[in-house]
Amino acid sequence: MGLLFRAYGETLPKLRPIRTWRSGTSLRGGAPDPANVNRFYTWGEALQQWDNGRPRRIASASHGFDEGGCALDLDGDGRTGVVLVRRPSEGALGDLLFYRAPSFNPETIDTNVELHDCLAATLAGRQGFLLIHRHAQVRFYWRTAGADGKWSVEEIYSIYTASRQSGLALADVDGDKRTDIYAGNYWVRSPESAELPWHIFAIHLHNETDDAASFSYAAWPDLLVGVQRGRSATPVRLFRRPSNPRELWPETSLGSVRLDDPRAALAWGSWAVLGHRAGFLFADPRGGNHDTYPAPPVLALWTAAGRLYVLSERQVAIWSPASTRHPRGASPLALGRIDRKPRNLLILPPGAAGAMGSASPRLRSRGIPSLQR
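Residues numbered from 1 in each chain as written. Predicted model: local features only at pLDDT ≥ 70, side-chain atom pairs only at ≥ 80, totals over all residues. Heavy atoms only, no water.

Quick word on the packing of aromatic side chains
For any pair of aromatic rings, the description consists of the separation of the ring centres together with the inter-plane angle of the planes.
In step 1: Inspection of the entire model under this criterion finds 20 aromatic pairs.
In step 2: Consider the rings of tyrosine 293 and tryptophan 319, whose centres lie 5.3 Å apart with planes at 70°: the pair is edge-to-face. In this pair, tyrosine 293 sits in strand β25 (residues 290-294) while tryptophan 319 sits in strand β28 (residues 315-321), placing the two residues 26 residues apart along the sequence.
In step 3: Of the aromatic side chains, those joined through ring pairs into one cluster are Trp21, Phe40, Trp50, Trp302 and Tyr309.
In step 4: Sitting over the ring of tryptophan 220, arginine 286 keeps its end group 5.9 Å from the ring centre. (Phe/Tyr/Trp six-rings, centres within 6.5 Å; stacked < 30°, edge-to-face > 60°. Helix = DSSP H or I, 4+ residues; strand = E, 2+ residues; numbered from the N terminus. Lys NZ or Arg CZ within 6 Å of the ring centre and 35° of its normal.)

A look at unusual backbone geometry
In step 1: The amide bond that connects alanine 101 to the next residue, proline 102, takes the cis arrangement and shows omega of 0°.
In step 2: Tracing the chain through its elements places proline 102 in the loop between β8 (94-100) and β9 (106-113).
In step 3: Of note in this structure, histidine 135 is not a glycine but carries a positive phi near 60°.
In step 4: One non-glycine residue, aspartate 261, lies in the positive phi region at around 50°.
In step 5: Mapped onto the fold, aspartate 261 is located in the loop between β21 (251-259) and β22 (264-268).

A word on the sheet that holds strand β10 (residues 118-123)
By way of backbone hydrogen bonds, the strands of a sheet pair with one another, either parallel or antiparallel.
In step 1: Across the sheet, which stays open at both edges, the four strands sit in the order β10-β11-β12-β13 with antiparallel pairing between neighbours. Edge positions in the sheet fall to β10 and β13 (151-158), since each of these pairs with one other strand and no more. The sheet shows a mean angle of 30° between the axes of neighbouring strands, taken without regard to direction.
In step 2: Strand direction decides the pairing type here: β10 and strand β11 (residues 126-133), joined by six bridges, are antiparallel. In the sheet register, leucine 123 faces β11, and the bridge partner there is arginine 126. (Pairing = 2+ DSSP bridges. Axes fitted to C-alpha atoms, helices over the stretch in contact; angles between N-to-C directions.)

This is how it looks when you write it as structure tokens:
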């Protein structure tokens, strides 16, 4: 059983590298298998399935795949599928595809899609995934049950700013027991019923340039830790939820920390992990403590079995807390809750389980349009 650390003293747990697995192809993204804790997927030049560190090529694309993607076990039957966009020979818009075990034959979900953010989600009892299409439109895709199930889409919200919107996360922001969405500058409030629209509220106003709203987030219901993607010497921004979450959220920074070319962020229990050009930052955003760990430029992060997976262009490295014992004099460590089923580990800080509930409104099935901008 993997352990999740939460320190109430001043000491961060130290991480140690466990192993590093090399890839024979260039990587752009990766995700854990929700049905098998010893398996994960990577993509870039090709889609690979890794079992206990051994990669197997399961799909290829002449021009590779977009950086965004996610792995889903839609029916809970252990047949994981991977959502990717196959890049076109020209332009930025490709085919949104679903590669599902065991054959991994591609199934077309949509066309004319650009994928930078993909997040597995269950909304109103429907299992699917969220994406921000062309940095402007938050969409939720799901497939109806059965062998002949069809893909449908809910257009959650279109965002009209001059800046490209990036950064997806889920939380019950306003405490109404429904799952809300973080997306770029905003959080999107889940409605009370299917007949009502989703509502959007600004968290911050970083949209002064075309890339200012392109964030990666480590997210909790009351705190958002963000880094602006691809920038040099960019601060780690902390947005704390005010008493009225519909107002702008007060912003501070994580001391004098500056990161070059950050690409990935992850909430691991109560900690934030931020990947950048020189490695990754491991931080306690509430206490302000942080450690840096050198690594090749980090492109993606995820956790499984209480360990941290760090993906770079040619490798996947696994890190783990160095010890399950807290230092002498430090306050005891609290353990998060871990789902014992053989699926993704659900790692939460104490009291945060309610933030992961499903949104209550039922989403309406619609045809799948292509957003032309």
